[in-house]
Amino acid sequence: MLYVVAWPVLGEADDAALHRLRAQYHAGEAALIGPHFTLVFGAAAEREGELRTAMQSITQRPFWFLIERIVRSDLYLYAEPSDGAAELTSLHEALNPMPAREPFEPHITLGLFRSAAEAEQVARIVGRQNLPMTGRVEELALLRRAGDALETLATIRLGA
């Protein structure tokens with residue numbers, strides 16, 4: 001399976017907080033990949049050439065984002081950007097020419113919980129202790145996942 005992610009560049013304290021939250025509440029994925037915005041999720045291996053071409057044609061310049069809220073969706077906990085969401089959506093649309101079944105909501109996954117109540121409680125605590133967070137997106141990566149391994153196939157710097 002293929003993925004395209006946007007790497008957030010954050011201040012040291014915010015970066016440490018996101019890594020800590022993911023390690024605590026999304027341990028399996030946190031060991032595999034750090035905080036990121038997923039732009040292409042689980043694409044077939046046959047799309048590699050198409051995704052490489054699409055990434056090379058992106059003209060988006062690096063941009064700032066602001067995370068002011070933590071959102072619970074069922075059992076998941078997400079950090080959703082307000083500023084920067086339009087740019088992430090534009091990148092998603094450039095990389096996914098066919099509309100998805102569900103609308104794209106830019107986010108960084110923070111955790112997966114056993115119950116919605118637990119997720120909601122953690123969302124309130126995280127929001128009070130860690131927000132707002134400001135960062136930049138400067139780079140995208142094309143990744144291939146095979147089992148528990150993640151391989152970087154290509155990276156691009158925005159605005160290069």
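Above this note sits the structure.
Residues numbered from 1 in each chain as written. Predicted model: local features only at pLDDT ≥ 70, side-chain atom pairs only at ≥ 80, totals over all residues. Heavy atoms only, no water.

**Description of unusual backbone geometry**
Then, number 1: In this structure, proline 132 follows leucine 131 across a cis peptide bond, with omega equal to 0°.
Then, number 2: For proline 132, the location among the structural elements is in the loop between α5 (116–130) and β6 (133–146).
Then, number 3: Its identity as a non-glycine residue notwithstanding, aspartate 74 has a phi of 60°, on the positive side.
Then, number 4: As for its placement among the helices and strands, aspartate 74 is situated in the loop between β3 (63–73) and β4 (76–81). (Helix = DSSP H or I, 4+ residues; strand = E, 2+ residues; numbered from the N terminus.)

**A closer look at helix α1 (residues 12–25)**
Then, number 1: When the terminal C-alpha atoms of α1 are compared, their 20 Å separation across 14 residues agrees well with the 20 Å that a helix rising 1.5 Å per residue should span.
Then, number 2: All of the buried residues along α1 are Asp14, Ala17, Leu18, Leu21 and Arg22. Down the axis of α1, the buried side of the element spans an arc of 125°, and every buried residue falls inside it. The exposed set on the far side of α1, more than 90 degrees from its buried face, consists of Glu12 and Ala13.
Then, number 3: Those residues of α1 that are buried are in contact with β1 (2–10), α2 (27–30), β5 (108–112), α5 and β6. (Expected span 1.5 Å × (residues − 1). Buried < 20%, exposed > 50% of the residue type's maximum accessible area, 1.4 Å probe, protein only. Arc of directions from axis to C-beta. Contact = heavy atoms within 4.5 Å.)

**Quick look at the environment of leucine 150**
Then, number 1: Structurally, leucine 150 is set in strand β7 (residues 149–157).
Then, number 2: Considering only alpha carbons, one finds leucine 150 and leucine 112, 38 residues apart in sequence, at a separation of 20 Å.
Then, number 3: Apart from residues no more than four positions distant in its own chain, leucine 150 is found in contact with Leu32, Ile33, Leu143, Arg144 and Arg145.

**Regarding the pairing of β7**
Taken residue by residue, a regular strand's side chains alternate between the two faces of the sheet.
Then, number 1: Across eight bridges, the pairing between β6 and β7 is antiparallel. For glutamate 139, the partnering residue across the bridge sits in β7 and is arginine 157. (Pairing = 2+ DSSP bridges.)

**Section: the packing of α1 against α5**
Then, number 1: Packing of α1 against α5 leaves a shortest axis separation of 12 Å and a crossing angle of 165°. Between α1 and α5, the crossing angle belongs to the class labelled roughly antiparallel. The way α1 lies across α5 gives a crossing that is right-handed. Here α1 contributes Asp14, Ala17, Arg20, Leu21 and Tyr25 to the contact with α5, which in turn contributes Val122, Val126 and Asn130. (Axes fitted to C-alpha atoms, helices over the stretch in contact; angles between N-to-C directions. Parallel < 35°, antiparallel > 145°, perpendicular 65-115°, else oblique. Left-handed = near helix turned anticlockwise from the far one by under 90°.)

**Quick word on the environment of proline 8**
Then, number 1: Of note, proline 8 is situated in strand β1.
Then, number 2: Taking relative accessible area as the criterion, proline 8 reaches 11% and is therefore assigned buried.
Then, number 3: Spatially, the C-alpha atom of proline 8 lies 9.3 Å from that of tryptophan 64, the residues being 56 residues apart in sequence.
Then, number 4: Excluding its chain neighbours within four sequence positions, the residues that come into contact with proline 8 are Pro35, His36, Phe37, Phe65, Ile108 and Arg136.

Purely geometric stuff here, so don't read any function into it on its own.
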